[in-house]
Amino acid sequence: MLSVESLSVRYGAIRALHGASIRVGAGEFVALLGPNGAGKTSLISGIAGLVAAEGSVVFKDKQIVRLPTEDRVRRGLSMTPEGRHVFANLTVAENLRLGAAIQTDRAAFAADLDKYLTLFPILKSRYNQLAGTLSGGEQQMLAIARSMMSRPSLLMLDEPSLGLAPRIVAQIFDYIAILKAEGVTLLVVEQNVMQALKIADRAYVISSGVIRHEGPAQELREDPRLIDLYLGG
Ligand code: ATP
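Notes on the structure follow. Along every chain, residues carry numbers that run from 1 in the direction the sequence is written. Note on the predicted model: pLDDT of at least 70 is required for a residue's local features to be given, and 80 or more for side-chain atom pairs to be given and counted; whole-chain, interface and lining totals, by contrast, use all residues. Each side-chain value is derived from all of the structure's non-hydrogen atoms; neither hydrogens nor water enter the calculation.

Lining the immediate environment of the ligand, one finds 14 residues, of which Gly37, Gly39, Lys40, Thr41 and Ser42 sit closest. In protein, a polar contact requires one atom able to donate a hydrogen and another able to accept it; more generally it is a pair of N or O atoms within 3.5 Å, and residues adjacent in sequence count only if both atoms are side-chain atoms. Between an oxygen atom of the ligand and a main-chain N or O atom of Ala38, the distance comes to 3.0 Å. Take Ser42: an N or O atom from its side chain is 2.5 Å from an oxygen atom of the ligand. Per-residue accessibility takes into account occlusion by the displayed protein chains alone, with areas from the Shrake-Rupley method and a 1.4 Å probe. With the chains in place, 61% of the 630 Å² that the ligand exposes on its own is no longer accessible. Working definition: helices are DSSP H or I runs of at least four residues, strands are E runs of at least two. Numbering for both runs from the N terminus. For the shell around the ligand, the elements supplying multiple residues, two or more each, are β2 (14-24) and α1 (40-48). For the shell around the ligand, the leading source of residues is α1, giving three residues. Of the residues that constitute the shell around the ligand, the class distribution is five nonpolar, six polar and three charged. Any residue with at least one heavy atom within 4 Å of a molecule or strand is counted as near it. Gly is put with the polar residues, along with every residue not named as nonpolar or charged; the nonpolar set is Ala, Val, Leu, Ile, Met, Phe, Trp, Tyr, Cys and Pro, and the charged set is Asp, Glu, Lys and Arg.

This part covers the packing of helix α6 (residues 136-148) against helix α7 (residues 166-181). Each axis is a line fitted through C-alpha atoms, taken for helices only over the stretch in contact, and angles between the N-to-C directions span 0 to 180 degrees. Two elements in contact, α6 and α7, have axes whose closest approach is 10 Å; the angle formed by their N-to-C orientations is 15°. Relative to α7, α6 is oriented roughly parallel. Pair α6 / α7 crosses with right-handed handedness. Where α6 abuts α7, its residues Gly137, Gln140, Met141, Ile144 and Met148 lie against Ile168, Gln171, Ile172, Tyr175 and Leu179. Residue composition of the contact of α6 with α7, grouped by class: seven nonpolar, three polar and no charged. Throughout this description, any angle smaller than 35 degrees is read as roughly parallel, any larger than 145 degrees as roughly antiparallel, any in the 65 to 115 degree range as roughly perpendicular, and the remainder as oblique. What makes a crossing left-handed is the near helix being turned counterclockwise from the far one by less than a right angle; a clockwise turn instead makes it right-handed. Contacts were defined at the residue level, with two residues in contact if any of their heavy atoms lie within 4.5 Å.

Cavities and pockets are found on a 1 Å grid laid over the protein atoms alone: a cavity is a set of points where a 1.4 Å probe fits but cannot escape, a pocket is an open set with protein on both sides within 12 Å along at least five of seven lines, and a lining residue has an atom within 4 Å of such a point. Grid points are joined across faces, edges and corners, and a volume is the space filled by probe spheres set on the points. There is about 440 Å³ of room inside the largest pocket. Elements that contribute at least two residues to the lining of the largest pocket include exactly α2 (69-74), β6 (77-80), α3 (92-99) and α6. Ranked by the residues each element gives to the lining of the largest pocket, the list is headed by α2, at four residues. Taken together, the residues of the lining of the largest pocket sort by class into eleven nonpolar, six polar and three charged. Residue ranges for the domains trace back to a domain assignment, done automatically or taken from a database. Per-domain counts for the lining of the largest pocket show at least three residues from each of domain 1 (1-76 + 153-164 + 186-232) and domain 2 (81-151).

Turning our attention to the pairing of strand β10 (residues 210-216). Two strands form a pair only when DSSP identifies at least two bridges running between them. Bridge count for strand β9 (residues 202-207) against β10 is six bridges, and the pairing is antiparallel. Residue pairing in the sheet places Ile206 in a bridge with Ile211 of β10. The hairpin formed by β9 and β10 contains two residues between the paired strands, and Ser208 there has a positive phi angle of roughly 45°.

Attention now goes to the sheet that holds β2. Strand pairing in a sheet takes place through backbone hydrogen bonds and is either antiparallel or parallel in direction. The strand order across the open sheet built from four strands is β2-β1-β4-β5, with neighbouring strands paired in antiparallel fashion. With partners counted over all chains shown, the strands left at the sheet margins are β2 and β5 (62-63), one partner each. Sheet strands touched by α1: β1 (2-11), β2 and β4 (54-59). Its angle to β1, the strand with the most contacts, is close to 115°.

Read across the open sheet, the six strands follow the order β6-β7-β8-β3-β9-β10; overall the sheet is mixed. The open sheet terminates on both sides in strands that have one partner only, identified here as β6 and β10. Looking at each pair of strands side by side, their axes are set apart by 15° on average, direction ignored. Inspection of the sheet shows strand β3 (residues 29-33) paired to β9 by four bridges, in the parallel sense. Following the sheet pairing, Ala31 is matched in β9 by Ala203. Across the sheet, α6 lies against β6 and β7 (154-158), angled at about 170° from β6, the strand it touches most.

Structure below.
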């Protein structure tokens, strides 16, 4: 589904990503792991078109590296940024409607709305509440539901568990597992390494802008030496 070759991202003189290559197959859950400042956000932002990137990004057999973000969303690529970024002064309902901005079919919109309000019942009970008044976990659920309203075939999540209490983190991962079971392909950046490796199929480890390791999630999960080596325990 996604094939990234030699992707580089720079911010002025700072090179954040040095020729990273990754692949994500249809239906896979791929975790992107690495320490702070490793280049994880730069990699998925480059794939989403949120930052300029050099190299190749082939998504569903089409080269998209020069396309604007909106066109990538139309092709089925969606990203939920770190820190959730819901529109605080808009209601839950308005946030979900914005997520479906590319959806022109009213019946499909209504069906998706019903689906995600059923999956995330808390959003149904907070439907007309301003998003800024939701708890951190609720905002993360809203951010994920909003991304899903564009019917992505590949959803990229940047640190969905960041700053959330362990009980809420477990809940968020349960929801992500449901999306995976529904056939959504996922590329997920996580600091919560073990939690991510529990449901991921494969993982990439990145540090200082370079991919250092790629392999089945199980291999990393079962070999603490690899975790120590790449992720510092
Ligand atoms: P974290 O887990 O801390 O979010 P990350 O692995 O996602 O880190 P990036 O956010 O991609 O890493 O950052 C990679 C490098 O690029 C870091 O050294 C960071 O300081 C730098 N960087 C990121 N965004 C910018 C920017 N807008 N301008 C300048 N430098 C940036």
